[in-house]
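Close look at the chain arrangement
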Amino acid sequence: MSDFLEPPKRYNKKDEPKSGEREKIIRSSSVKTKKWKNDFLLIGGMDIPFFALTIALVTIGLVMLFSATYPYALQNKGNSYYFFKKQFIYTVLGVIVMLAMSKINYRIFKRFLYLIFFGTIGLLGLVLVYHTNVPGGFKRWIPVIGSLTIQPSDIAKFTIVLVFADYISKNHKHMKEPITGIVVPMGIIALFCGLIFLEHHNSGTILVFCIGAVMMFCGGSNWKLFVLGAALVGAVVAFVIINPDVLMKYAGERIEAWLNKDFDPLGARWQTNNSLYAIGSGGIFGAGLGNSKQKFLYVSEPQNDFIFSIVCEELGFVGATVIIVIFALLFIRGIMIAMKCKDRFGSLLVVGIVSQVAIQTIFNILVVTDTIPNTGIALPFFSYGGTSILMLMFEMGVVLSVSRKSNQQTS
């Protein structure tokens, strides 16, 4: 405390800022506040059709998850609501995350790009040495607390979209060049796919590869080199199909089971055969919600990859078509948001995210209908998985954030 007390200062009207200066101070403060909001928070309206389509898919997905899983949950978990309750909690959290993310300026990801990139690579490396014990050598989930786990490959889907969106937006004028447009992007894809492949996660590897390829194509990579690369990939796929023994045992057996419909009907073909029985039983209008027979321990683990077969059995061709149309409308609306966005980075983010959903949906339906080998790709918004639904809803929030920014610019 000071040894001397200062005399009180008397109010002097002359010390007040003049009216013009006062307005300038207020205006400056208002500009700073507005700039902070524009930098971090968005004030534009979000795209209502995209939001409505997302909520529709989430709602239908929850209903079908309960309908498809209650016999399996009762038999294996002792509680018919086991999968539904956990998915419901994650979905509610996901909706909150989506709405919160929709208010945050998506460009903030550019500031934390390296942190997100190296964090994801770190998780993909960690899961190889610290993971849940799953028969078959699968190393996909990192245990956290109790039954809570994290699947790094779900995070990697968003990270590779983010990395490509930033890279292409910075180098779009040079994407026709071999090094910038092909070699570097393929190196990024190889890093992600290599780590995911080591998890014994073929479906995740294929999905991340396809997402990266779509981003390269939309980013303007030389189409001639792109076609050449696609032809090489096609040749590798054909070689693997002809020689399934080159893959790990479980993956080779799945290809063998796809080629030979009589192969191991009680093992490798069991899930696919019962999926086809379920789809065929549904007919045009379905057996009715809750009336599936194949979900009674015939379609194994119906909460995951083969939930769409139960959808087809209960809702029929008409119901399944409606769901596919909603997925298509979500993709189309996402592309419209991307085209409206004036920022190349934001536009590419949206393209990558909605392409991920579209590719994953197409692959899942192709697997369930035995059009391609069983790869284990989940159906977005329907298949059970905490990390999956949280990341998916977070990504939908990013798309809505881009739509808010576009509306803010045009308002």
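One can find the structure itself at the top, above this paragraph.
Here is a short report on the structure shown in this document. Please read all numbers here as calculations on a predicted model, not as lab measurements.

Here the focus is the packing of helix α12 (residues 307-340) against helix α13 (residues 344-368). Two numbers describe a pair of packed helices, the interaxial angle and the distance between the axes. Close contact between α12 and α13 brings their axes to 10 Å; oriented N to C, the two are set at 160°. When the axis of α12 is compared with that of α13, the two are roughly antiparallel. Viewed along their axes, α12 and α13 form a crossing whose handedness is left-handed. Residues Phe 308, Ser 309, Ile 324, Phe 327, Leu 330, Phe 331, Gly 334, Ile 335, Ile 337 and Ala 338 of α12 lie in contact with α13, whose contacting residues are Ser 347, Val 350, Val 351, Val 354, Ser 355, Val 357, Ala 358, Thr 361, Asn 364, Ile 365 and Val 368. When the residues that make up the contact of α12 with α13 are grouped by side-chain class, the tally is 15 nonpolar, six polar and no charged.

What follows concerns the state of the cysteines. Counting across every chain of the model gives zero disulfides. Unpaired in this structure, Cys 210 has its nearest cysteine sulfur neighbour in Cys 193, at a distance of 8.7 Å.

Take a nonpolar patch on the surface next. There is a patch of nonpolar side chains on the surface, built from Phe 88, Ile 89, Val 92, Leu 93 and Ile 96 and spanning about 450 Å² of accessible area. Relative to the elements of secondary structure, Ile 89 occurs in helix α3 (residues 82-103).

Inspection of every chain in the model, using the stated rule, returns 16 aromatic pairs. Look at Phe 66 and Phe 84: their rings are 5.5 Å apart centre to centre, the planes differ by 65°, and that puts the pair in the edge-to-face class. One end of the pair, Phe 66, is in helix α2 (residues 48-77); the other, Phe 84, is in helix α3, and 18 residues separate them in sequence. Overall, Phe 66 belongs to the partly exposed group, its relative accessible area being 26%.

Attention now goes to the nonpolar core. Counting 89 residues, the largest nonpolar core has Phe 158, Phe 192, Leu 349, Phe 381, Phe 382, Met 396 and Val 398 as its most contacted members. With 13 residues, the single largest contributor to this core is α13. The residues contacting Val 398, other than those within four sequence positions of it, are Met 101, Tyr 106, Phe 109, Phe 158, Leu 349 and Ile 353.

Given a rise of 1.5 Å per residue, 13 residues ought to cover 18 Å, and the 19 Å separating the end C-alpha atoms of helix α11 (residues 270-282) matches this to within 8%. Those residues of α11 not exposed but buried are Gln 271, Thr 272, Asn 273, Asn 274, Ser 275, Ala 278 and Gly 282. The elements touched by buried residues of α11 are α12 and α13.

Let us look at empty space enclosed by the protein. In the structure shown here, the tally under the stated rule is four cavities of 30 Å³ or more. If you add up the space inside the largest cavity, you get close to 70 Å³. Looking at the largest cavity, the residues that line it are Asp 154, Lys 157, Gln 356, Gln 360, Pro 380, Ser 388, Met 391, Leu 392 and Glu 395. Elements supplying a minimum of two residues to the lining of the largest cavity: α6 (152-171), α13 and α14 (386-410). Ranked by the residues each element gives to the lining of the largest cavity, the list is headed by α14, at four residues. When its residues are assigned to classes, the lining of the largest cavity shows three nonpolar, three polar and three charged. Approximately 60 Å³ is the volume attributed to the second largest cavity. Considering the residues around the second largest cavity, the lining is formed by Arg 254, Ala 257, Trp 258, Ala 268, Arg 269, Thr 272, Val 367, Asp 370, Ile 372, Pro 373 and Asn 374. If you tally residues by element for the lining of the second largest cavity, the top one is helix α10 (residues 249-259), at three residues. By residue class, the composition of the lining of the second largest cavity is six nonpolar, two polar and three charged.

Glancing now at the pattern of salt bridges. Going through the model one piece at a time under the given rule, you end up with eight salt bridges. Taking the shortest distance from any N to any O, the salt bridge between Asp 154 and Lys 157 comes out at 3.0 Å. Of this pair, Asp 154 and Lys 157 both sit in helix α6, three residues apart, roughly one helical turn. Assigned by exposure class, Asp 154 and Lys 157 land together as buried. Residues Arg 269 and Asp 370 are paired through a salt bridge, measuring 3.2 Å at the closest nitrogen-oxygen approach. Of the two residues, Arg 269 sits in the loop between α10 and α11 while Asp 370 sits in the loop between α13 and α14, which places them 101 residues apart along the sequence.

Each pocket or cavity is described by its volume, and for the second largest pocket that value is around 840 Å³. The wall of the second largest pocket is formed by 25 residues, among which Asn 202, Ile 206, Val 237, Val 240 and Thr 375 lie closest to the centre. The set of elements that each furnish at least two residues to the lining of the second largest pocket consists of α7 (178-197), α8 (202-219), α9 (223-242) and α10. A per-element tally of the lining of the second largest pocket places α9 first, with seven residues. When its residues are assigned to classes, the lining of the second largest pocket shows 17 nonpolar, six polar and two charged.

Here Thr 132 is to be found in the loop between α5 (113-129) and β1 (142-143). Separated by 15 residues in sequence, Thr 132 and Ser 147 place their C-alpha atoms 9.9 Å apart. Those residues in contact with Thr 132 that sit more than four places away from it in its chain are Phe 138, Trp 141, Pro 143 and Thr 149.

The rules behind the values
Residues numbered from 1 in each chain as written. Predicted model: local features only at pLDDT ≥ 70, side-chain atom pairs only at ≥ 80, totals over all residues. Heavy atoms only, no water. Axes fitted to C-alpha atoms, helices over the stretch in contact; angles between N-to-C directions. Helix = DSSP H or I, 4+ residues; strand = E, 2+ residues; numbered from the N terminus. Parallel < 35°, antiparallel > 145°, perpendicular 65-115°, else oblique. Left-handed = near helix turned anticlockwise from the far one by under 90°. Contact = heavy atoms within 4.5 Å. Nonpolar A, V, L, I, M, F, W, Y, C, P; charged D, E, K, R; others polar. Disulfide = S-S within 2.5 Å. Patch = residues over 30% accessible without salt bridge, like charges linked within 9 Å, V, L, I, M, F, W, Y side chains within 5 Å. Areas by Shrake-Rupley, 256 points an atom, 1.4 Å probe, with all protein chains shown as cover. Salt bridge = Lys/Arg side-chain N within 4 Å of Asp/Glu carboxyl O. Phe/Tyr/Trp six-rings, centres within 6.5 Å; stacked < 30°, edge-to-face > 60°. Buried < 20%, exposed > 50% of the residue type's maximum accessible area, 1.4 Å probe, protein only. Core = buried A, V, L, I, M, F, W, Y, C linked by side-chain atoms within 4.5 Å. Expected span 1.5 Å × (residues − 1). 1 Å grid on protein atoms, 1.4 Å probe; cavity = no way out; pocket = protein on both sides within 12 Å on 5 of 7 lines; lining within 4 Å. Points joined across faces, edges and corners; volume = space filled by probe spheres on them.

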